[in-house]
Protein chains: 2
Amino acid sequence: MEVSNKYVVIKHHIEEAPKESDFELKTESLNLLVDEGSDDIIVKNLYISIDPYHINRMKSFSPSQDAISYSTPLIPGQAIDGPSVGNVVASGNAKFEKGDFVVGIFTWAEYSVVKEGSIMRKLDPSQFPLTYYLGVLGFSGLSAYGGLCEFWKPQKGEKVFVSAASGSIGTLVGQYAKLLGCYVVGSSGTKEKVALLKDKLGFDNAFNYKEEINLNATLKRYFPDGIDIYFDNVGGEMLEAAIDNMNAFGRITICGVISEYDITKKRASPNMLNVIYKRITIKGFLAGDFLNIYSDFLAQTSNYLRSGKLKVIEDISFGVETIPSAFVGIFKGNNIGKKIVELKV
Amino acid sequence: MEVSNKYVVIKHHIEEAPKESDFELKTESLNLLVDEGSDDIIVKNLYISIDPYHINRMKSFSPSQDAISYSTPLIPGQAIDGPSVGNVVASGNAKFEKGDFVVGIFTWAEYSVVKEGSIMRKLDPSQFPLTYYLGVLGFSGLSAYGGLCEFWKPQKGEKVFVSAASGSIGTLVGQYAKLLGCYVVGSSGTKEKVALLKDKLGFDNAFNYKEEINLNATLKRYFPDGIDIYFDNVGGEMLEAAIDNMNAFGRITICGVISEYDITKKRASPNMLNVIYKRITIKGFLAGDFLNIYSDFLAQTSNYLRSGKLKVIEDISFGVETIPSAFVGIFKGNNIGKKIVELKV
């Protein structure tokens, strides 16, 4: 059975902020049968995760190329791989059969051909909405849980600051911190997002950084007793201001640098003298580093979800052709919560 | 018995690189007897430690003012306190008596009046040269030991980079790392210093950063397999270059930022994306944080010294009037090893 399979590619490497015109929607003819003797699996994608880290793979050179095998550079014109949830339509692999719901590293496409050895596992669709496995129960959740709880073991009463707090990871970091009894403030880029953080997600406070003229003074206002833990999703001036407002023995997680993805933007120049005198610890990480605690994370987070203590914010676009605008929109702060593209069934 | 006591003060706060004309030598008349009922101790200073961190206390505002009580801002015209070794000439305190050799926080002066509750302890002058208690067995040694060994537990074969490697702390960091079986490269600012590191201190290699045009490429040359541990004494461009050359899970100690003490100089703008992808940990510290491991440090370091495995490099000036030039010289890279001013007996 032949279908026409639409998929998204980059036309060329992307060095600055991405634009929709950097992408192209291509169509291929795909046979939905698996050849005799092949162990391929064909997946019909249902939900595709849209994450800022892809921009690093779209550059002609990025640190990811040095560091980790599963984040190889993308080749213009070729299918883009990334986390997705789908349904198996054909399988030459005994571990998967037609009809299975699966999450794995598939492609920005309607259908993906998944090779033996790819990252992929079955899902039970009766437990949670399938989209959760891309966000709160996927790498976004694991990043928030690992980069906050596993790294720093936040104590009741500690003061936690989260930037890009209305994003896929930020919404979860703030809620985990609140569940641990911390005082939590988030920064975000619109009035609507600030309201969400305060009114729906239970942050103690939140502010729109675009309305602030001096971020150092802003943080002093929200943290008169200083910041104990900063979960950084943005880099740039916010990181500088946070370091100036940290308490002694403060801890900083570097999760993202969305203000610096565009290489024409200014990088953070933190005051390292403050890092010394305040004995600050700064740590970078990748979600995959926390796979050893995945089962703890999953148990804890599933409990929070079932009891309604953790709220899930998702921002869904429909159709493979919306992938470029969804991706570009992340860098403009268009999304609220986890950005996902849902494909037509 | 009255003496004339010479001491050094700052004339005004110092915001940029220090100059000798920022300092003044003052003279006071001092009675070397302790009043009845007073618990003061009068110390004749023998050796005064000259350290870059004092510059932070000379500014009108510095991070140290927030962070730690023993590093309060200095007041122009008033005596400057700092680590010294001396001899007790009079004591109203039963724990100390005339003739005791002592190390503590005294003043940049010929004589210091030490109040009850000050940081001060007796020394046994038969064990090691008295100057060692300001350097290798003092805060310099504890900083090197704590910031390298205690923080990161370096393993045999790990690749260690030290900047300002010929300074009081750098000379010790490199030697501790060699004693642990690491591959060690140091950066320094003159041919003579580079030769010292390679020929006398056993570094695997060393380079003069002033002769390099691209520090990133320089570090790639000396660390073709990347850096596992960077002990940073300088900040600025060297920190940026080191971060770009770190291995996955690399560790960085921020001990000093001598390239940034002059606020007119450019601060480091490290690539935080590398901090993420390489999962780098960056930690600041103060020597005092390691007082809990002081006895381990002392035992280990004393053994190394007695067996000749650790070499001590000291750079000594003579007379209280040389304190300003000694201090200013540190920021010009004039010293080799621990800078100390010896006072005439």
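An account of the accompanying structure is given in this report. In this text the structure is predicted, and so the values were computed from the model without any measurement.

With 35 residues of chain B at the contact, the number on the chain A side is 35 residues. Summed over both partners, the interface of chain B with chain A buries about 3200 Å², with 62% contributed by carbon and sulfur atoms. The three residues of chain B that bury the most area against chain A are Met272(B), Ile276(B) and Tyr277(B), which together make up 22% of that side's buried surface. At the junction of chain B with chain A, the criterion picks out 2 salt bridges. At the surface where chain B touches chain A, the tally comes to 12 residue pairs in polar contact (both at pLDDT 80 or more). Those elements giving two or more residues to the side of chain B that touches chain A turn out to be helix 2 (63-67), strand 12 (246-254), helix 8 (272-277) and strand 13 (281-284) of chain B. Among the elements that take part in the side of chain B that touches chain A, helix 8 of chain B stands out by supplying 6 residues, more than any other. A per-class count over the side of chain B that touches chain A returns 21 nonpolar, 9 polar and 5 charged. With 3 bridges joining them, strand 13 (residues 281-284) of chain A and strand 13 of chain B adopt antiparallel strand pairing. Its bridge partner being in strand 13 of chain B, Lys283(A) is matched across the sheet by Thr281(B).

Here we take up the nonpolar core. One finds Met58(A), Tyr230(A), Met58(B) and Tyr230(B) to be the most contacted residues of the largest nonpolar core, which totals 96 residues. With sequence-adjacent residues up to four places away left out, Tyr230(A) is seen in contact with Phe161(A), Ser163(A), Met238(A), Leu239(A), Ala242(A), Met246(A), Arg251(A), Ile252(A) and Thr253(A).

Residues and elements named next belong to chain B. All buried positions along helix 6 (residues 215-222) are accounted for by Leu-215, Thr-218, Leu-219 and Tyr-222. One face of helix 6 carries all of its buried residues, which in axial projection span an arc of 95 degrees. Contacts from the buried residues of helix 6 go to strand 8 (159-162), strand 9 (183-188), strand 10 (205-208), strand 11 (227-232) and helix 7 (236-244). A distance of 3.1 Å separates the backbone nitrogen of Asn-216 from a side-chain oxygen at the start of helix 6, and that oxygen is part of Asn-214.

Once that is clear, we can look at the packing of helix 6 of chain B against helix 7 of chain B. Residues and elements named next belong to chain B. Two numbers describe how helix 6 lies on helix 7: the axes approach to 8 Å, and their chain directions differ by 50 degrees. Here helix 6 is positioned oblique relative to helix 7, judged by the angle of their axes. Handedness of the crossing formed by helix 6 with helix 7: right-handed. Contacts between helix 6 and helix 7 involve Leu-215, Asn-216 and Leu-219 on the former and, on the latter, Glu-237, Met-238, Ala-241, Ala-242 and Asp-244.

Residues and elements named next belong to chain B. The element helix 4 (residues 170-179) is extensively covered by neighbouring structure, given that 8 of its 10 residues are classed as buried. Residues of helix 4 that are buried include every one of Gly-170, Thr-171, Leu-172, Val-173, Gly-174, Gln-175, Tyr-176 and Ala-177, and no others. Where helix 4 is buried, its residues meet helix 3 (139-152), strand 8, strand 9, strand 11 and helix 9 (294-306). Just past helix 4, the residue Gly-181 takes up positive phi, approximately 90 degrees.

So, about the side chain of Glu110(B). All names here are of chain B. For Glu-110, the location among the structural elements is in the loop between strand 5 (101-107) and strand 6 (111-114). Within polar-contact distance, the side chain of Glu-110 engages the backbone nitrogen of Lys-6 at 2.8 Å. Contact partners of Glu-110, with chain neighbours within four places excluded, come to Ser-4, Asn-5, Lys-6, Val-43, Lys-44, Asn-45, Val-320 and Leu-343.

Relating one copy of the chain to the other takes a rotation about an axis and a shift parallel to that axis. With an RMSD of 0.0 Å, chain B superimposes on chain A once it is rotated by 180 degrees and translated 0.0 Å along the axis. In short, the pair behaves as if placed about a two-fold rotation axis. Every residue of chain B has its C-alpha some distance from the rotation axis, and the shortest such distance is that of Ser269(B), at 2.1 Å. Both copies share a contact surface, since 100% of the interface residues of chain B are interface residues in chain A too.

All names here are of chain A. Overall, the coordinates contain 26 salt bridges over all chains when judged by the stated rule. Put simply, Glu-211 and Lys-191 hold a salt bridge, and the shortest N to O gap is 3.4 Å. Within this pair, whereas Glu-211 is found in the loop between strand 10 (205-208) and helix 6 (215-222), its partner Lys-191 is found in helix 5 (residues 191-200), the two being separated by 20 residues in sequence. Classification of Lys-191 by relative accessible area gives exposed; the value is 64%. Measuring nitrogen to oxygen at the nearest pair gives 3.0 Å for the salt bridge that ties Glu-240 to Lys-266. With Glu-240 in helix 7 (residues 236-244) and Lys-266 in the loop between strand 12 (246-254) and helix 8 (272-277), this residue pair connects regions lying 26 residues apart in the sequence. Classification of Glu-240 by relative accessible area gives buried; the value is 15%. For Lys-266, a relative accessible area of 52% corresponds to the exposed category.

Calculation notes
- Residues numbered from 1 in each chain as written.
- Chains lettered and ligands numbered in written order.
- Predicted model: local features only at pLDDT ≥ 70, side-chain atom pairs only at ≥ 80, totals over all residues.
- Heavy atoms only, no water.
- Contact = heavy atoms within 4.5 Å.
- Buried area = accessible area lost by both parts, 1.4 Å probe.
- Salt bridge = Lys/Arg side-chain N within 4 Å of Asp/Glu carboxyl O.
- Polar contact = N/O pair within 3.5 Å; in protein donor to acceptor, adjacent residues only side chain to side chain.
- Helix = DSSP H or I, 4+ residues; strand = E, 2+ residues; numbered from the N terminus.
- Nonpolar A, V, L, I, M, F, W, Y, C, P; charged D, E, K, R; others polar.
- Pairing = 2+ DSSP bridges.
- Core = buried A, V, L, I, M, F, W, Y, C linked by side-chain atoms within 4.5 Å.
- Buried < 20%, exposed > 50% of the residue type's maximum accessible area, 1.4 Å probe, protein only.
- Arc of directions from axis to C-beta.
- Axes fitted to C-alpha atoms, helices over the stretch in contact; angles between N-to-C directions.
- Parallel < 35°, antiparallel > 145°, perpendicular 65-115°, else oblique.
- Left-handed = near helix turned anticlockwise from the far one by under 90°.
- Least-squares fit on C-alpha atoms with pLDDT ≥ 70 in both.

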